[in-house]
Amino acid sequence: MGYREISLKLPTDYSGEQIRAQIAKELHIRDFTFQIENKSLDARKKTAVHWLIRVGVLSPELKGGEPEDLPSLDIPFRQRKERAVVVGSGPAGFFSAFALQKAGINTTLIERGSEVDKRAIGISEFESSGAFSPVSNYAFGEGGAGTFSDGKLTSRTKSITREKQFILSSYVRAGAPEEIGYMAHPHLGSDNLLNIVKNLREEFLEIGGCIRFETLLEDLVVSGGRAHEAVTAAGLIGADYFIIAPGHSAYETYRMLIRNGALFRAKPFAIGCRVEHPQALINMAQWGREKLPGVRAAEYRLTSPGDGNLPVYTFCMCPGGCIVPAAAYENTNIVNGMSRYKRDGKFANAACVAGISPAQLFGREIGPLEALDWLGALEESFYRYSAGYQAPFCAIQDFILRKMTSAVVESSYPLGLKPAPLWEMLPAVVSDSIAEGLRDFSRKVRGFEAGVIMGLESKTSAPVQALREPDGRCQGFDNLYIVGEGSGYAGGIISSGADGIRAAMNIIGKIS
Ligand SMILES: Cc1cc2nc3c(=O)[nH]c(=O)nc-3n(C[C@H](O)[C@H](O)[C@H](O)COP(=O)(O)OP(=O)(O)OC[C@H]3O[C@@H](n4cnc5c(N)ncnc54)[C@H](O)[C@@H]3O)c2cc1C
């Protein structure tokens, strides 16, 4: 039996027969099996958009070669006496708890929000009535911030292949489509994510893990460079190791950690708004036509260097998705984006943000508490403007020209829009840069200026970073790890999950 990998160029609506026929023709073989290793859409030439597919082929008619083994995590299991508390059931918290429990460490996962079915009801009630739930919203609840998302699984970090593989194979076992293993831009969709999160929870419970929902970590009992107990309304939970993975939004949890001696610094971050267009307009701009059989919806990723201003880029694009009210606290108003697996909604949205350092924003260095206070106050100012959760919005053209002409527009945002001079609601340096970026994007994507821009997008990267020892521990602590997006070392589902796994592997390594 021999093995070869080859690249194929196939029409967007190729069939299984076509792929087999091309393999047979290229390799001059008839008896073979194949597996897709990589699949990406090549849309550089609008008249000839096609898939580029790399396949691994096994055949008795081939000589030599072997498929490469997938990188895997080696988690040594043994019954152990050590206990761990993990805080937060987002990708960072869940995957760290999962790895610890797989190693035999008695792990309790605590989550301030509700389990996912209850969370879905809370979100749906919020979107129909505007009644915000502190335990069932887009930021807090089972699965973390990424549960109601597009579920994009891209990560640009090369150093996390094993962790990424662990996450992807866990997702596939829990019901994710197998294509996430080979697509260049894989995504799960929020509809798949609900079941995946539930199935992963079942697997964690089956191997002996314990989960407590609607349980807020209020404080930590610390002394002598060690955390001893997690303080919750239901009582104290003692453990030998603590992994805290509270995500981007849990500002009061960060304040509590800082109060307890965890060291943080303010770091560069990004803020801006979210843009929205009819998906057909984006399809037309990217493919030269409104529909392309075999491809769900066109994407874009745009950057503008800033030329004297701040760099501006689009982020977390949700083709065929919708813009959602992503507030974590009742008195804040922010937006984010999500989509279903089919990406078949009428609109396309993406964050459009400027990257900024605290020194550029304040003209001086600031501490982490000031950074958190500043961001929280900005989120509250958007809430005050709307006196609720309508998204402040204007036409992209209006943002560029700084004048309000917008009246009623169609949008996917469920809680209504309120016309607003967004450029006045953001710091001037951010508005100037975004206006320049939008002008640039309108040159790159035909019709871009015809879209709308709305809300505050404040969650693309954390404004603070925990200081760590080289082995990942929180500086000054023997047994405390702060991980995931809010730790300032990760951003997105995969990198946050990988960060959590690394902390767990570190603990496992120590006690093995
Ligand atoms: C609407 C939306 C769409 C997104 N789309 C994508 C996407 O398509 N692809 C992508 O890669 N990323 C996406 N992101 C970002 C992604 O969700 C995050 O980067 C990722 O979830 C971070 O993982 P995490 O585990 O670090 O934190 P989180 O997922 O934020 O999880 C933190 C958890 O900790 C809990 N918690 C916080 N404080 C406490 C406490 N004191 N006690 C107990 N529990 C606590 C919270 O309730 C939460 O469940 C999206 C985010 C949002 C909001």
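To keep things clear, this report deals only with the structure shown in the data block.

1. Side note on unusual backbone geometry
Even without being glycine, Glu214 reaches a positive phi, approximately 50 degrees. Looking at the secondary structure, you find Glu214 in the loop between strand S6 (210-212) and strand S7 (219-223). In this structure, Cys316 takes a positive phi of about 50 degrees despite not being glycine. With respect to the helices and strands, Cys316 occurs in strand S14 (residues 312-325). Its relative accessible area of 24% is what places Cys316 among the partly exposed residues.

2. Focus: the layout of surface pockets
Within this model, the second largest pocket holds a volume of roughly 1200 Å³. Contributing to the lining of the second largest pocket are 36 residues, with Glu37, Leu70, Gln165, Gly181 and Tyr182 lying nearest its centre. Elements with a minimum of two residues in the lining of the second largest pocket: strand S1 (2-11), strand S2 (33-42), strand S3 (50-59) and helix H4 (161-173). Residues that form the lining of the second largest pocket fall into these classes: 17 nonpolar, 11 polar and eight charged.

3. Description of the sheet that holds S3
As summarised here, the arrangement of the three strands in space is S1-S3-S2, forming an open sheet in which the pairing is antiparallel. Strand pairing shows two members of the sheet lacking a second neighbour, S1 and S2, which therefore form its edges. Each adjacent strand pair in this sheet contributes to an overall mean axis angle of 20 degrees, direction not counted.

4. A closer look at the site of the ligand
With respect to spatial proximity, 36 residues lie near the ligand, and among them Glu111, Ala145, Leu217, Glu485 and Ile493 are the closest. In the model, an oxygen atom of the ligand is placed 2.8 Å from a nitrogen or oxygen of the Ala92 main chain. Between Ala245 and the ligand, the recorded distance is 3.4 Å, taken from a backbone N or O atom to an oxygen atom. Against a free-state accessible area of 990 Å², the protein chains account for coverage of 95% of the ligand. For the shell around the ligand, the secondary-structure elements that each account for two or more residues are helix H2 (91-102), strand S15 (335-338) and helix H13 (493-511). Of the residues in the shell around the ligand, the class split is 15 nonpolar, 16 polar and five charged.

5. Regarding empty space enclosed by the protein
Considering all chains together, one arrives at two cavities of 30 Å³ or more under this definition. Estimated volume of the largest cavity: approximately 160 Å³. The set of elements that each furnish at least two residues to the lining of the largest cavity consists of H2 and helix H5 (190-206). If one sorts the elements of the lining of the largest cavity by residue count, H5 sits on top with four residues.

6. Remarks on a negative patch on the surface
Among the surface-exposed residues, Glu37, Glu66, Glu68 and Asp69 lie close enough to one another that they form a single negatively charged patch. Within the fold, Glu66 resides in the loop between S3 and strand S4 (83-87).

7. Things to note about the sheet that holds strand S5 (residues 106-110)
Sheet architecture is open: five strands sit in the order S6-S5-S4-S10-S21, paired in parallel fashion. Each edge of the open sheet is held by one strand with a lone partner, namely S6 and strand S21 (480-482). Averaged over all pairs of adjacent strands, the angle between their axes in this sheet comes to 15 degrees, without regard to strand direction. Strand direction decides the pairing type here: strand S10 (residues 241-244) and S21, joined by three bridges, are parallel. The partner of Ile243 across the bridge, within S21, is Tyr481.

8. A look at H13
Compared with an ideal rise of 1.5 Å per residue, which puts 19 residues at 27 Å, H13 spans 28 Å between its outermost C-alpha atoms and is within 8% of the ideal. Most of H13 is tucked away: 14 of the 19 residues are buried.

9. Regarding the packing of H4 against H13
Axis separation between H4 and H13 bottoms out at 9 Å; the angle between their running directions is 110 degrees. When the axis of H4 is compared with that of H13, the two are roughly perpendicular. Considering how the two elements wind past one another, H4 and H13 form a crossing that is right-handed. Across the interface between the two elements, Glu163, Lys164, Phe166, Ile167, Leu168 and Tyr171 from H4 touch Ile493, Ile494, Gly497, Ala498, Ile501 and Arg502 from H13. Classifying every residue of the contact of H4 with H13 gives eight nonpolar, one polar and three charged.

Calculation rules
Residues numbered from 1 in each chain as written. Predicted model: local features only at pLDDT ≥ 70, side-chain atom pairs only at ≥ 80, totals over all residues. Heavy atoms only, no water. Helix = DSSP H or I, 4+ residues; strand = E, 2+ residues; numbered from the N terminus. Buried < 20%, exposed > 50% of the residue type's maximum accessible area, 1.4 Å probe, protein only. 1 Å grid on protein atoms, 1.4 Å probe; cavity = no way out; pocket = protein on both sides within 12 Å on 5 of 7 lines; lining within 4 Å. Points joined across faces, edges and corners; volume = space filled by probe spheres on them. Nonpolar A, V, L, I, M, F, W, Y, C, P; charged D, E, K, R; others polar. Pairing = 2+ DSSP bridges. Axes fitted to C-alpha atoms, helices over the stretch in contact; angles between N-to-C directions. Near = heavy atom within 4 Å. Polar contact = N/O pair within 3.5 Å; in protein donor to acceptor, adjacent residues only side chain to side chain. Areas by Shrake-Rupley, 256 points an atom, 1.4 Å probe, with all protein chains shown as cover. Patch = residues over 30% accessible without salt bridge, like charges linked within 9 Å, V, L, I, M, F, W, Y side chains within 5 Å. Salt bridge = Lys/Arg side-chain N within 4 Å of Asp/Glu carboxyl O. Lys, Arg positive; Asp, Glu negative; His and termini not counted. Charge placed at Lys NZ, Arg CZ, Asp CG, Glu CD. Expected span 1.5 Å × (residues − 1). Parallel < 35°, antiparallel > 145°, perpendicular 65-115°, else oblique. Left-handed = near helix turned anticlockwise from the far one by under 90°. Contact = heavy atoms within 4.5 Å.

Limitation: the analysis is restricted to geometry and does not speak to function.
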